Amino acid sequence: QVQLAESGGGLVQPGGSLRLSCVASGDIFSINDMAWYRQAPGKQRELVATITRGSTTTYADSVKGRFTISRDSAKNTLYLQMNSLKPEDTAVYLCNVEAIRRDYRRSRFWGQGTQVTVSS
């Protein structure tokens, strides 16, 4: 199995910044695409940003110019730098990765999530 552990969430004032991290561990041969999703209360899960093995990135329109996704493949770690945060960014942020296990099976895995609350 592959485990994902997110960290870095918290309470921040509007206009503030946070940096989320997601560390993948366990039965990993390599990791392909990585992504951040978020889910606010009463809303559907939303794709926030993605990054490929080659570090090509995509962003939801709502976060373009404010959020930056990055990865450290040597450490199996995914990051999300969030700047100019708004109250509407409040959500649980979840990490999602496509991992190739040591038996070469390819599977997607989810983390438990980290809460981000933007409020004055």
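Colleague: Describe the nonpolar core, naming the residues involved and giving the relevant values.
Modeller: Nonpolar side chains in soluble globular proteins tend to end up buried together. In this structure, Trp36, Leu80, Met82 and Tyr93 are the most contacted members of the largest nonpolar core, which totals 31 residues. Taken together, the elements giving at least two residues each to this core come down to β1 (2-7), β3 (18-26), β4 (30-39), β5 (46-51), β7 (67-72), β8 (77-82), β9 (91-100) and β11 (114-118). In terms of residues, this core owes the most to one element, β9, which gives five residues. Once residues within four sequence positions are removed from consideration, Tyr93 is found in contact with Glu6, Leu20, Trp36, Tyr37, Arg38, Val48, Phe67, Leu80, Met82, Gly113, Thr114 and Val116.

Colleague: Tell me about the state of the cysteines, residues and numbers included.
Modeller: Within this structure, the stated rule accounts for one disulfide. Covalent S-S linkage joins Cys22 and Cys95, the inter-sulfur distance amounting to 2.1 Å. Where Cys22 bonds to Cys95 through sulfur, the torsion about that S-S bond is close to -80°, and the disulfide is left-handed. A residue pair is termed long-range when its members are at least 10 positions apart, and Cys22 in strand β3 and Cys95 in strand β9 qualify at 73 residues. There is no split in this pair, since Cys22 and Cys95 are both buried.

Colleague: Help me get a handle on the pattern of salt bridges, residues and values and all.
Modeller: Any two side chains of opposite charge can pair if their charged atoms end up close together. A complete count under the given rule lists seven salt bridges for this structure. One salt bridge in this structure joins Arg66 and Asp89, with 2.7 Å as the shortest N-O distance. In this pair, Arg66 sits in the loop between β6 (57-59) and β7 while Asp89 sits in the loop between β8 and β9, placing the two residues 23 residues apart along the sequence. Judged by relative accessible area, which is 0%, Asp89 ranks as buried. Between Asp103 and Arg105 there is a salt bridge, and its shortest N-O distance comes to 2.7 Å. Bridged by salt links that share partners, the residues Arg38, Glu46, Arg66 and Asp89 form one connected network.

Parameters at a glance
- Residues numbered from 1 in each chain as written.
- Predicted model: local features only at pLDDT ≥ 70, side-chain atom pairs only at ≥ 80, totals over all residues.
- Heavy atoms only, no water.
- Core = buried A, V, L, I, M, F, W, Y, C linked by side-chain atoms within 4.5 Å.
- Buried < 20%, exposed > 50% of the residue type's maximum accessible area, 1.4 Å probe, protein only.
- Helix = DSSP H or I, 4+ residues; strand = E, 2+ residues; numbered from the N terminus.
- Contact = heavy atoms within 4.5 Å.
- Disulfide = S-S within 2.5 Å.
- Salt bridge = Lys/Arg side-chain N within 4 Å of Asp/Glu carboxyl O.

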